[in-house]
Amino acid sequence: MKRLLFITAFMASLCGTAYASAGASSSHIDVAALTTSALGIFSLLLFVSAYALVIFEEQLHLRKSKPVLLAAGVIWICVAITYSALGDTHSAEVAIRHNLLEYAELFLFLLCAMTYINSMDERNVFQALRSWLVGKGFSFRVVFWVTGLLSFFISPIADNLTTALLMGAVAMAVGGSDKKFVTLACINIVIAANAGGAFSPFGDITTLMVWQKGKVQFAEFFAIFIPSVVNWLVPAIFMNFAVANKQPKASGDTKTMKLGARRIIILFLLTIATAVSFHNFLHLPPATGMMLGLGYLGFFSYYLKKKEHRNYDVDDNPLAHQTYKTQPHPFDLFRKIARAEWDTLLFFYGVILCVGGLSQFGYLAMVSNFLYHDLGATTANVMVGILSAIVDNIPVMFAVLTMDPTMSHGQWLLVTLTAGVGGSLLSIGSAAGVALMGSARGIYTFGAHLKWTPVIALGYAASIAAHLLINAGHM
């Protein structure tokens, strides 16, 4: 109950904004006065209630998209009624259209990335990596470091959630019944995946939003590479001494990549390069470059479908029958699109529309003035990271971006770092942690992660100190 009240208080201070749409209000309306209106307060409480249901998703078995979708629709009804009563029938429409445009760019970008990840998963790319690691016969301590290192460097490309699930599966396959090792490995993987995702636009939703908003350019994210490394290494060094230096049992399970797997990896990297080029050189939204990359995969999927069945139908092709125990289904691009995380995509819609609707009731000036004027940018950005461990970094970062406080480039890098790595402080603070709690249920738990929060917090503080030192010229 205390936690919910704490969240309510903070969400009340952060939930108020919608990019440029805040400026869409008519000049004759005192937006600040709307913060105390009945419908404004109702909308705020509705969002807090909906987000409370999101937090308890695992306990309620209610998908996180459902409450925020409902809240988003009702909040915008309140916005429209309030502005119409004040004689403004235009501003609400302009604001929601702007929010829809912001969401459309995010949606198309993520849909393409998820389709590529699903395609690589179907081609056994991740399973083959897992088999290789398990079959090497590394000691527990080596596996601890290898899975952490791979998590740190895979998450900037494949995102922290996918990376955590992949490396978590490796840790559980190696650890078996050794619950202590699995717990420590999972904590290490969550920290490494979140830290690795912080220095790449593709590593986390928050970094993607910062990049698409133009606050930090693609190459500039690498300025927080060393602080991200520090954030992972500090707690990993402490946890290393708690990992037993013994050999796990060998596993005979092997997986090989299917036809075209390596070429899909190359196409994905080419798609990322295309998105970056669209943004940096053509000054077009990155989502348009990603959709062009989806076209690459579309044509390759047609070739792959024909080639795969032709190979399987040849009776004297033992390799095909070794790889495919039964005749494979045609490689269908739209099957991979259908397997996208639709609950997550719709959740983003609900959050963006909820926060955008609340902005019309005037919380922006109050919150922005308190955080970034009274407290100062550095303190405010450190708090953003801590808050993201309690709530979620997506609405927190969206709120910061929509407040659009005036601060230096170094401060934008700082908030990108803290929002990305702050979620590691608690197991519920990031999608990576929540996902691993589900896959390692009963082993990697909230309490198990909480025991190591002091050293994780030490890494969080060290990463901030490293940024303030290394990037002092940008502050």
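Attention in this report is confined to the structure presented alongside it. (Residues numbered from 1 in each chain as written. Predicted model: local features only at pLDDT ≥ 70, side-chain atom pairs only at ≥ 80, totals over all residues. Heavy atoms only, no water.)

**Overview of the overall build of the chain**
As a reminder, the rule being used: Under the scheme used here, helices are H or I runs from DSSP no shorter than 4 residues and strands are E runs no shorter than 2 residues, and both carry numbers assigned from the N terminus. With a 1.4 Å probe rolled over the protein chains alone, any residue whose accessible area is under 20% of its type maximum counts as buried; one over 50% counts as exposed, and the rest are partly exposed. We call two residues contacting when some pair of their heavy atoms lies within 4.5 Å. Accessibility throughout is a Shrake-Rupley quantity obtained with a 1.4 Å probe, and a residue counts as covered only by protein chains that appear here.
Tallying secondary structure elements over the chain gives 23 helices and zero strands in all. In the chain, buried positions account for 55% of the 475 residues. Here the contacts in the chain between residues at least 6 apart in sequence split such that 81% fall between residues at least 24 apart. Summed over all atoms, the accessible surface of the chain reaches about 19,900 Å², with 66% contributed by carbon and sulfur.

**A word on unusual backbone geometry**
At asparagine 124, a position not held by glycine, the phi torsion is positive, near 70 degrees. Within the fold, asparagine 124 resides in the loop between α5 (91-122) and α6 (125-135). With a phi angle near 55 degrees, histidine 283 is a residue other than glycine that sits in the positive phi range. Its location among the elements puts histidine 283 in the loop between α12 (261-280) and α13 (286-312).

**A closer look at the side chain of histidine 279**
For histidine 279, the location among the structural elements is in helix α12. Its relative accessible area of 14% is what places histidine 279 among the buried residues. Setting aside its immediate chain neighbours within four residues, histidine 279 contacts Trp211, Gln217, Leu284 and Pro286.

**Points about the nonpolar core**
Just so we agree on the cut-off: Only buried residues count toward a nonpolar core, which is a set of Ala, Val, Leu, Ile, Met, Phe, Trp, Tyr and Cys residues joined through side-chain atoms within 4.5 Å.
Phe181 and Tyr372 are the most contacted members of the largest nonpolar core, which totals 136 residues. For this core, the element with the most residues is α5, which contributes 14 residues. Here tyrosine 372 is in contact with Ala377, Ala380, Asn381, Val384, Val400, Met403, Pro405, Met407 and Val415, once residues within four sequence places are set aside.

**As for the pattern of salt bridges**
What counts is decided by this rule: Any carboxyl oxygen of Asp or Glu within 4 Å of a side-chain nitrogen of Lys or Arg constitutes a salt bridge here.
With the rule as written, the count across this model stands at eight salt bridges. Across the pair arginine 123 and glutamate 122 runs a salt bridge, and its minimum N-O distance is 2.7 Å. Here arginine 123 falls in the buried class, since its relative accessible area comes to 1%. In this structure, lysine 215 and aspartate 404 form a salt bridge, with 2.5 Å as the shortest nitrogen-oxygen distance.

**Considering the packing of aromatic side chains**
Test applied: Here the aromatic set is Phe, Tyr and Trp, taking the six-membered ring for Trp, and pairing holds for ring centres within 6.5 Å; pairs whose planes are under 30 degrees apart are stacked, those over 60 apart are edge-to-face, and all others are tilted.
Across all of its chains, the model carries 25 aromatic pairs by this definition. Seen from their ring centres, phenylalanine 144 and tryptophan 145 are 5.7 Å apart, and the 90 degrees between their planes marks the pair as edge-to-face. By relative accessible area, phenylalanine 144 is classed as buried at 0%. Through pairs of rings, three or more aromatic residues link up here, namely Phe109, Phe144, Trp145, Phe152, Phe153, Phe199, Phe202, Trp211, Phe218, Phe222, Phe225 and Trp232.

**Considerations on empty space enclosed by the protein**
Counted only if it meets this: Of the two site types, the cavity is a set of points on a 1 Å grid over the protein atoms alone where a 1.4 Å probe fits but cannot get out, and the pocket is an open set with protein on both sides within 12 Å along at least five of seven lines, each lined by residues with an atom within 4 Å of a point. Grid points are joined across faces, edges and corners, and a volume is the space filled by probe spheres set on the points. Residues are sorted three ways: Asp, Glu, Lys and Arg are charged, Ala, Val, Leu, Ile, Met, Phe, Trp, Tyr, Cys and Pro are nonpolar, and all the rest, Gly among them, are polar.
For the structure on display, the rule yields one cavity of 30 Å³ or more. In terms of lining residues, the largest cavity is bounded by Leu133, Val134, Phe138, Val143, Val146, Thr147, Val170 and Val174. Broken down by secondary-structure element, the contributors of at least two residues to the lining of the largest cavity are α6, α7 (140-158) and α8 (160-175). Element by element, the count of residues in the lining of the largest cavity is highest for α7, at three residues. Class assignment of the residues belonging to the lining of the largest cavity gives a composition of seven nonpolar, one polar and no charged.

**Observations concerning helix α18 (residues 377-390)**
Operational definition: For a helix, the expected span equals 1.5 Å multiplied by the residue count minus one.
Along its 14 residues, α18 runs 20 Å from first to last C-alpha, staying within 8% of the 20 Å computed at 1.5 Å per residue. Taken as a whole, α18 has its buried residues at Ala377, Ala380, Asn381, Val384, Gly385, Leu387, Ser388, Ala389 and Ile390.

**Structural notes on the environment of asparagine 381**
Along the chain, asparagine 381 turns up in helix α18. The sequence separation of asparagine 381 and leucine 371 amounts to ten residues, and the corresponding C-alpha distance is 8.6 Å. Ignoring sequence-local partners within four residues, the contact set of asparagine 381 consists of Tyr372, Met407, Gln411, Leu414, Val415, Thr418 and Tyr460.

**Observations concerning α6**
Those residues of α6 that sit buried are Val125, Phe126, Ala128, Ser131, Leu133 and Val134. Next to the buried residues of α6 lie α5, α7, α8 and α12. Two residues or fewer after α6 comes glycine 137, characterised by a positive phi angle close to 70 degrees.

**Topic: a nonpolar patch on the surface**
What counts is decided by this rule: Like-charged residues within 9 Å of one another, or nonpolar side chains (Val, Leu, Ile, Met, Phe, Trp, Tyr) within 5 Å, are grouped into patches, provided each residue has over 30% relative accessible area and no salt bridge.
Among the surface-exposed residues, Leu53, Phe56 and Leu60 lie close enough to one another that they form a single nonpolar patch of about 240 Å² accessible area. Owing to a relative accessible area of 34%, phenylalanine 56 belongs among the partly exposed residues under this scheme.

**Some remarks on the environment of methionine 167**
Relative to the helices and strands, methionine 167 is located in helix α8. Classification of methionine 167 by relative accessible area gives buried; the value is 0%. In sequence terms methionine 167 and cysteine 186 are 19 residues apart; their C-alpha atoms lie 8.2 Å from each other. Apart from residues lying up to four places away in sequence, methionine 167 is in contact with Leu129, Leu133, Thr147, Leu150, Ser151, Ile154 and Ile189.

**As for the packing of helix α10 (residues 205-212) against helix α19 (residues 393-403)**
We count it as follows: To get an axis, a line is fitted to the C-alpha atoms, and for a helix only the part in contact is used. The angle between two axes follows their N-to-C directions and goes from 0 to 180 degrees. Oblique is the label for any angle not under 35 degrees, not over 145, and not in the 65 to 115 range, which are roughly parallel, roughly antiparallel and roughly perpendicular in turn. For any helix crossing, the convention is left-handed if the near helix is rotated counterclockwise from the far helix by under a right angle, and right-handed if that rotation is clockwise.
Two elements in contact, α10 and α19, have axes whose closest approach is 9 Å; the angle formed by their N-to-C orientations is 20 degrees. By the angle class used here, α10 and α19 are roughly parallel. When the axes of α10 and α19 are compared, the crossing they make is right-handed. The segment α10 lies against α19, with Ile205, Thr206, Met209 and Val210 engaging Asn393, Ile394, Met397, Phe398 and Leu401. Here the contact of α10 with α19 is built from residues that sort into seven nonpolar, two polar and no charged.

None of this, on its own, says anything about what the molecule does.
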